[in-house]
Amino acid sequence: MSALKKEYKRITTKSLVEMKANGEKIAMLTAYDYTMAKIVDHAGIDIILVGDSASNVMAGHETTLPITLDEMIYHASSVIRAIERCFVVVDLPFGTYQGNSRKALSSAIRIMKESGGHSVKLEGGEEIAESVSRILSAGIPVMGHLGLTPQSIYKFGTYTVRAKEEEEANQLKRDAKLLEKLGCFGLVLEKVPSKLAKEVAESLTIPVIGIGAGDGVDGQVLVTHDMLGMTHEFSPRFLRRYLDLYTEMGTAFKSYIKDVKTRDFPNKEEQY
Ligand code: KIV
């Protein structure tokens, strides 16, 4: 069976919903800069997420909380300049949408206007419903994010699997239904039991993209630097590493340093 059911020249929210209906899995990866986005887009990814994980991966912060709206706009506009085919989702950072739907709308408008991103992603369920509705009312596509929501890390206290208990699982199911009803075009489910994720995906018509949510969802997302093996200290069970770039890049850098020190680089052909 072919993994591709239909060729898309350009991915839109409509194509993503259609892919789910056709049983085609959706592939999503993060990117925060021009060069990486170009490689990921040319490889044929469906969605690039300009995630607030840039706070960890690019800036070295311990959590996603410090990244600002200006910084997200900088990352998103770099990605937008690179892509030709994929759909781009941009995270609204912590403090730019919670508890104030007017602020949420103006944050989302800044992302759309100043970066050229195609949509925004917000973490949370019923507590952010008003913000989601107001953003949607401006014609801005919204992706939800439930389960482990890293912007609430100080409320949870840990990055362990969410919604293992019935009460939290039921709340997650209600939130997922609500986000679909409000008009979200898709949903990320992070670090929840695969049985629950499958049940949620089957109960919705919008695509559910999982990270640590098993194989019963409509697509998968990983942080690109993790799947390339650049962040070797991070090893959750759900992560599949496709390369060991930490080691490979280290080897290349060591060779370069040696070549400079030994005067092997540049040679006669490598100069004017
Ligand atoms: O910011 C991010 O990279 C994310 C993914 C983990 C889904 O939200």
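The structure reproduced in this document is the subject of the present report. Here the structure is a predicted model, which is why all the values come from computation and not from measurement.

### Quick notes on the overall build of the protein
Next, step 1: Counting its regular elements, the protein contains 11 helices and 8 strands.
Next, step 2: The C-alpha atoms of the protein give a radius of gyration of 20 Å, which matches the 19 Å a tight globule of 272 residues would have.
Next, step 3: In terms of overall dimensions, the protein has C-alpha extents of about 65 × 45 × 40 Å along its principal axes.
Next, step 4: Across the 272 residues that make up the protein, the buried fraction comes to 49%.
Next, step 5: Across the protein, the mean location of the 34 positive side-chain charges is 2 Å away from that of the 36 negative side-chain charges.

### Section: the sheet that holds strand β5 (residues 142–147)
Next, step 1: One closed barrel holds the 8 strands; their spatial order is β1-β2-β3-β4-β5-β6-β7-β8, and the pairing between them is parallel. Strand-to-strand twist in this sheet, taken as the mean axis angle between neighbours without regard to direction, amounts to 25°.
Next, step 2: Pairing analysis gives 4 bridges linking strand β2 (residues 47–50) to strand β3 (residues 87–91), with the strands arranged parallel. Following the sheet pairing, Ile47 is matched in β3 by Phe87.
Next, step 3: Together, β5 and β6 (186–190) form the strand contacts of helix α8 (residues 166–182), whose direction differs from that of β5 by roughly 180°.

### What to know about the side chain of Asp52
Next, step 1: Looking at where Asp52 falls in the secondary structure, it is placed in the loop between β2 and α3 (54–57).
Next, step 2: Nearest to the buried, unbridged Asp52 among oppositely charged side chains is Lys121, at 5.4 Å.
Next, step 3: Every residue in contact with Asp52, bar those within four places of it in the chain, is listed here: Thr64, Ile67, Met72, Asp91, Glu123 and Gln151.

### Side note on the site of the ligand
Next, step 1: Residues in contact with the ligand, as listed here, are Thr30, Leu49, Gly51, Asp52, Ser53, Asp91, Lys121, His145, Val188, Glu190, Ile211 and Val223.
Next, step 2: Between an oxygen atom of the ligand and a side-chain N or O atom of Asp91, the distance comes to 3.1 Å.
Next, step 3: For the ligand, an oxygen atom lies 2.9 Å from a polar atom in the side chain of Lys121.
Next, step 4: Bound to the protein, the ligand loses 95% of the 260 Å² it would expose on its own.
Next, step 5: Broken down by class, the residue content of the shell around the ligand amounts to 4 nonpolar, 4 polar and 4 charged.

### Some words on a nonpolar patch on the surface
Next, step 1: A cluster of nonpolar residues, Phe253, Tyr256, Ile257, Val260 and Phe265, forms a patch on the protein surface that exposes about 490 Å² of accessible area.
Next, step 2: Relative to the helices and strands, Ile257 is located in helix α11 (residues 245–261).

### A few points about the environment of Val40
Next, step 1: Inspection of the secondary structure puts Val40 in helix α2 (residues 34–42).
Next, step 2: The class of Val40 is buried, set by a relative accessible area of 8%.
Next, step 3: Considering only alpha carbons, one finds Val40 and Leu29, 11 residues apart in sequence, at a separation of 7.8 Å.
Next, step 4: Dropping the residues within four chain positions of it, Val40 is found in contact with Leu29, Ile45 and Ile48.

### Regarding the packing of aromatic side chains
Working definition: an aromatic ring pair is given by the centre-to-centre distance plus the angle between the planes.
Next, step 1: Scanning the entire structure with this criterion turns up 2 aromatic pairs.
Next, step 2: Where Phe87 meets Phe185, the ring centres are 5.4 Å apart and the plane angle is 80°; that geometry is what we call edge-to-face. Taken together, the positions of Phe87 in strand β3 and Phe185 in the loop between α8 and β6 put the pair 98 residues apart, joining distant regions of the chain. As far as the burial class goes, Phe87 and Phe185 line up, both buried.
Next, step 3: The ring of Phe156 is capped by Arg162, whose NZ or CZ atom sits 3.7 Å from the centre of that ring.

Conventions used here
Residues numbered from 1 in each chain as written. Predicted model: local features only at pLDDT ≥ 70, side-chain atom pairs only at ≥ 80, totals over all residues. Heavy atoms only, no water. Helix = DSSP H or I, 4+ residues; strand = E, 2+ residues; numbered from the N terminus. Rg over C-alpha atoms; globule rule 2.2 N^0.38 Å. Buried < 20%, exposed > 50% of the residue type's maximum accessible area, 1.4 Å probe, protein only. Lys, Arg positive; Asp, Glu negative; His and termini not counted. Charge placed at Lys NZ, Arg CZ, Asp CG, Glu CD. Pairing = 2+ DSSP bridges. Axes fitted to C-alpha atoms, helices over the stretch in contact; angles between N-to-C directions. Contact = heavy atoms within 4.5 Å. Salt bridge = Lys/Arg side-chain N within 4 Å of Asp/Glu carboxyl O. Near = heavy atom within 4 Å. Polar contact = N/O pair within 3.5 Å; in protein donor to acceptor, adjacent residues only side chain to side chain. Areas by Shrake-Rupley, 256 points an atom, 1.4 Å probe, with all protein chains shown as cover. Nonpolar A, V, L, I, M, F, W, Y, C, P; charged D, E, K, R; others polar. Patch = residues over 30% accessible without salt bridge, like charges linked within 9 Å, V, L, I, M, F, W, Y side chains within 5 Å. Phe/Tyr/Trp six-rings, centres within 6.5 Å; stacked < 30°, edge-to-face > 60°. Lys NZ or Arg CZ within 6 Å of the ring centre and 35° of its normal.

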